[in-house]
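# Survey of secondary and tertiary structure
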Amino acid sequence: MNSVPSKNLWIRRQQCPCGDWKCYITYEGDAEECSAAPESVKSDKTSSCGTMITPYVGMVFKSDDEAFEYYGNFARKNGFSIRKERSRISPQLGIYKRDFVCYRSGFAPVKKKPNGENHRDRKSVRCGCDAKMYLSKEVVDGVSQWFVVQFSNVHNHELLEDDQVRLLPAYRKIHEADQERILLLSKAGFPIHRIVKMLELEKGIQGGHLPFLERDVRNFVQNRKKVVQENEALLSEKRENDVLELLEVCKAMKEADVEFVYDFSVDENEKVENIAWSYGDSVNANAVFGDVVYFDTTYRSITYGLLFGVWFGIDSCGRTIFFGCVLLQDETPQSFSWALQTFLRFMRGRCPQTILSDLDPGLRDAIRSEFPGTKHIIPLWNILNKVSSWFSLPLGSRYAEFKSEFNALFHIENTEEFELQWSQMISVFGLGSDKHTDLLYSVRASWAQSYVIGYFLARMATTAYSKSIDSFLKGIFTEHRCLRSFFEQQELSLAMQYASSEMANGSYIIRHFKRLDGERLVIWLAEDEQIHCSCKEFESSGILCRHAIHVLVMKNYFQLPDKYYLSRWRRECSLLVEDEHNNQSIIGGEWFQEYHSLAETLFSESLITKERSDYVRKELIKELNRILHEVRNLPETDGVCSMNMTVSPNS
């Protein structure tokens, strides 16, 4: 040591194993950094080689957290761990004193039982060790700094080696990624010891070398389950309150709108379990377009913790319309039966001709029970979503082949052939005992083309309609073209690609000129103006197929017979419901037809030359604006009752 008499202090130099030196001074038992030491040495906490410097009196930290982290890292490298012991607070500085001590500092307190006897405690690791680091906060020029005011690295116990110190509780941390993996394996049913083995294998480390112990994993899982249970109890209480609030909203809606309808059911504890509602406009719309209904049950309400079901339809312009919705406690046949019964009451007893839904055994059973005369259809896109998740993994590389075979099966139009091909497919892919194929086969009458062909679906079993439903549920509304005009235009253009062969009995065999979709038999009965095609597109969608249109064109028909122009697809179809007293009919049908005919003629004539087109465009816009101005000046009502049938889920 070197003495500095003028200041009555001592300078001590601490040497790093690499040969680097650190200077600090002692003065009457306290310490501060040596003013004679170089500036680069004063603030460093590591030597030039990167070795951690032992804490010393006068060492400075930006915060108490930084000091605790530094002392903790030092402790781990030296075979012990630390803990926070005491702190002092002042009104001016807040916390201004921090005491960090060795994990074996002090002695464990003796716990007393209620009767005064001592607890039988486990042996404590505390042995009165005096190793410590005390800090004090000072504010210099408005900046807080923490200074080491006492430090001792003298222990009264053996320090641990590296392979032992990592097992101290302070260093046994389960990182977030490991926590997620542990919870996933626990949820899958893995016991704790298997979870530990899985983590060791995945990390490629030897047994017993994880940064935590098996009991840490067990404690973590148990604590997490406890937290989840507590949170679920709170969430359950909140959801019950939310459902009651929803019920109050329905009551208020009913008071404000007599046409609003709702119903609910309660369980044995008088808690609301199911609730459904609809609007007057929806009920009236169902009276016109309720022949085909889609019941969507793919969503679950997070707010209420209940299954969310919605009834949809399709209007004359191909737009998705809303009929009603329901929140259900579960997916049992009983809950679905309640939903269907309630829907039937809402819709004044009108049962749909066809109902489409997801592949759900409980819903299937409920439909059979409540709508025995209704055809149940499961759209192919609903089937394919499940086929992928069910068979892609077990079939592996053969899944693509299986999917191709399954798609071909769907399009078979003969039931005997379907049954034969199904049996062969099950045998080839070894799925004889598979529960999913058993389910698919049990509901084949609801999805296989050979069983559903000819039933009226109003084009609601298409992928396009499924996308429109998804958009509807997400609150995205877009204008759609009139479905009737769109499909008529499409089928008319495709009809030109077919050739026909007349048979002796007056029927026709229709084939595509490239033979892409096989041949169809079309029967034409001239005296009754009846036409039938083996594809049964009209029976399914209400729109004549390209095969039938081809024959009509051959017969010089330039306008469809009225019977093939269904009212539900007419652009001018009104949602006016006939009044029971006045028996009021649709207004303006004749003049609309006249207007429509004139508009078509004008449009056709204007396309002959550019001069005609420019003239019509100029004069038509001017004339229409004049008429519109005069119409708006006319009275808004002439005493004829009308009804607004705009349907919105945001009503």
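Residues numbered from 1 in each chain as written. Predicted model: local features only at pLDDT ≥ 70, side-chain atom pairs only at ≥ 80, totals over all residues. Heavy atoms only, no water.

Looking at an unreviewed UniProt entry, one finds the chain named Protein FAR1-RELATED SEQUENCE and attributed to Cicer arietinum. If you open the UniProt record of the chain and go to Function (unreviewed entry), you find "Putative transcription activator involved in regulating light control of development." Word for word, the UniProt comment on the chain under Sequence similarities (unreviewed entry) is "Belongs to the FHY3/FAR1 family." (UniProt positions renumbered as here; feature names shortened; annotations may be inferred.)

## Some words on the packing of helix α10 (residues 380-395) against helix α11 (residues 399-410)
Where α10 contacts α11, the two axes come as close as 10 Å, and the packing angle between them is 150 degrees. It follows from the interaxial angle that α10 and α11 lie roughly antiparallel. Considering the relative orientation of α10 and α11, their crossing is right-handed. Judged by residue contacts, Leu380, Ile383, Leu384, Val387, Ser388, Phe391, Ser392 and Leu395 of α10 engage Tyr399, Phe402, Phe406, Asn407 and Phe410 from α11. (Axes fitted to C-alpha atoms, helices over the stretch in contact; angles between N-to-C directions. Helix = DSSP H or I, 4+ residues; strand = E, 2+ residues; numbered from the N terminus. Parallel < 35°, antiparallel > 145°, perpendicular 65-115°, else oblique. Left-handed = near helix turned anticlockwise from the far one by under 90°. Contact = heavy atoms within 4.5 Å.)

## Considerations on unusual backbone geometry
Of note in the backbone geometry, aspartate 141 takes a positive phi value of approximately 55 degrees without being a glycine. Mapping aspartate 141 onto the fold places it in the loop between β8 (132-140) and β9 (143-152). In this structure aspartate 141 comes out as exposed when scored by relative accessible area, which is 76%. One non-glycine residue, arginine 348, lies in the positive phi region at around 55 degrees. Looking at the secondary structure, you find arginine 348 in the loop between α8 (333-346) and β15 (354-357). (Buried < 20%, exposed > 50% of the residue type's maximum accessible area, 1.4 Å probe, protein only.)

## Quick word on the sheet that holds strand β11 (residues 272-278)
Here 7 strands make up an open sheet; going across it, the order is β10-β11-β14-β13-β12-β15-β16 and the pairing mixed. Only two strands of the sheet have a single partner each, and these edge strands are β10 (261-266) and β16 (375-377). Averaged over all adjacent pairs, the angle separating strand axes in this sheet is 20 degrees, with direction ignored. Bridging between β11 and strand β14 (residues 320-328) involves 3 bridges; their strand directions are antiparallel. Along β14, the bridge assignment pairs tryptophan 277 with cysteine 325. The strands that helix α6 (residues 214-256) touches are β10, β11, β13 (306-314) and β14; relative to β11, the one it contacts most, it runs at about 30 degrees. Helix α7 (residues 280-289) contacts β10, β11, β12 (292-301), β13 and β14 of the sheet and is inclined by roughly 120 degrees relative to β14. (Pairing = 2+ DSSP bridges.)

## A short note on the packing of aromatic side chains
Taken as a whole and judged by the stated rule, the model has 25 aromatic pairs. Here the aromatic rings of tyrosine 294 and tyrosine 465 are separated by 6.5 Å at their centres, their planes lie at 75 degrees, and the arrangement is edge-to-face. In this pair, tyrosine 294 sits in strand β12 while tyrosine 465 sits in helix α15 (residues 463-473), placing the two residues 171 residues apart along the sequence. For the residue pair tyrosine 294 and tyrosine 465, the accessibility class agrees, reading buried in each case. Each residue in the set Trp390, Phe391, Tyr399, Phe402, Phe406, Phe418, Trp422, Phe429, Tyr441, Trp447 and Tyr451 is aromatic and connected to the rest through ring pairs, giving one cluster. Here the guanidinium or amino end of lysine 84 rests over the ring plane of phenylalanine 68, the centre of that ring lying 4.9 Å away. (Phe/Tyr/Trp six-rings, centres within 6.5 Å; stacked < 30°, edge-to-face > 60°. Lys NZ or Arg CZ within 6 Å of the ring centre and 35° of its normal.)

## Points about helix α9 (residues 361-370)
Residues Gly362, Leu363, Arg364, Ala366 and Ile367 constitute the buried set of α9. Looking at the packing, one finds that the buried side of α9 touches β12, α8, β15, β16 and α13 (435-442). In this structure aspartate 360 caps α9, since a side-chain oxygen of it lies 2.9 Å from the backbone nitrogen of glycine 362. (Polar contact = N/O pair within 3.5 Å; in protein donor to acceptor, adjacent residues only side chain to side chain.)

## Considering the environment of glutamate 416
The topology assignment puts glutamate 416 in helix α12 (residues 415-428). Look at glutamate 416 and you get exposed, because its relative accessible area is 56%. For the pair glutamate 416 and serine 450, spaced 34 residues apart in the sequence, the C-alpha separation amounts to 8.9 Å. Only 3.2 Å separates the side chain of glutamate 416 from the side chain of threonine 415, close enough to count as a polar contact.

## Description of the pairing of β12
Counting buried residues along β12, 7 of its 10 residues qualify, which places the element largely inside the surrounding structure. In this structure, β12 lies alongside β15, joined through 4 bridges in parallel fashion. Among the inter-strand pairings, valine 292 is bridged to a residue of β15, identified as threonine 354. Pairing between β12 and β13: 6 bridges, direction antiparallel. When the bridges of β13 are listed, arginine 300 appears paired with leucine 307.

## Some remarks on the environment of phenylalanine 289
Among the structural elements, phenylalanine 289 can be located in helix α7. When its relative accessible area of 2% is taken as the criterion, phenylalanine 289 is described as buried. Between the C-alpha atom of phenylalanine 289 and that of isoleucine 314, which follows or precedes it by 25 residues, the distance is 6.7 Å.

## Side note on the pattern of salt bridges
In this structure the tally under the stated criterion is 21 salt bridges. The partner of aspartate 358 in a salt bridge is lysine 386, with the nearest N and O atoms 3.0 Å apart. Of this pair, aspartate 358 sits in the loop between β15 and α9 while lysine 386 sits in helix α10; the two residues are 28 residues apart in sequence, bridging distant segments of the chain. Overall, the relative accessible area of 11% leaves aspartate 358 in the buried class. A salt bridge links glutamate 623 to arginine 626; the shortest N-O distance between them is 2.4 Å. Here the residue glutamate 623 and the residue arginine 626 both occupy positions in helix α20 (residues 610-632), the gap between them amounting to 3 residues, near one helical turn. Connected via shared salt-bridge partners are Arg83, Glu85, Arg86, Arg88 and Asp99. (Salt bridge = Lys/Arg side-chain N within 4 Å of Asp/Glu carboxyl O.)

## Some remarks on the sheet that holds strand β7 (residues 94-102)
Pairing within the open sheet is antiparallel, and its 5 strands lie in the order β5-β9-β8-β7-β6. Each edge of the sheet is formed by a strand with only one pairing partner; in this case those strands are β5 (60-61) and β6 (82-90). The pairing of β8 with β9 spans 9 bridges and is classified as antiparallel. Note that in β9 the partner of methionine 133 across the bridge is phenylalanine 151. Against the sheet, helix α2 (residues 64-77) engages β5, β6, β7, β8 and β9, with an angle of about 160 degrees to β6.

## Some thoughts on the side chain of lysine 375
As for its position among the elements, lysine 375 is in strand β16. Buried charge without a partner: lysine 375 forms no salt bridge, and the closest opposite charge is glutamate 419, 12 Å away. A distance of 2.8 Å separates the side chain of lysine 375 from the backbone oxygen of alanine 445, its partner in a polar contact. Excluding residues within four positions of it along the chain, lysine 375 makes contact with Gln353, Thr354, Ile355, Ala445, Tyr451, Val452 and Tyr455. (Lys, Arg positive; Asp, Glu negative; His and termini not counted.)

## With respect to the side chain of arginine 166
Along the chain, the position of arginine 166 falls in the loop between α3 (162-165) and α4 (176-187). With residues near it in sequence (within four places) discarded, arginine 166 still touches Arg76, Tyr171, Arg172, Gly208, His209 and Leu210.

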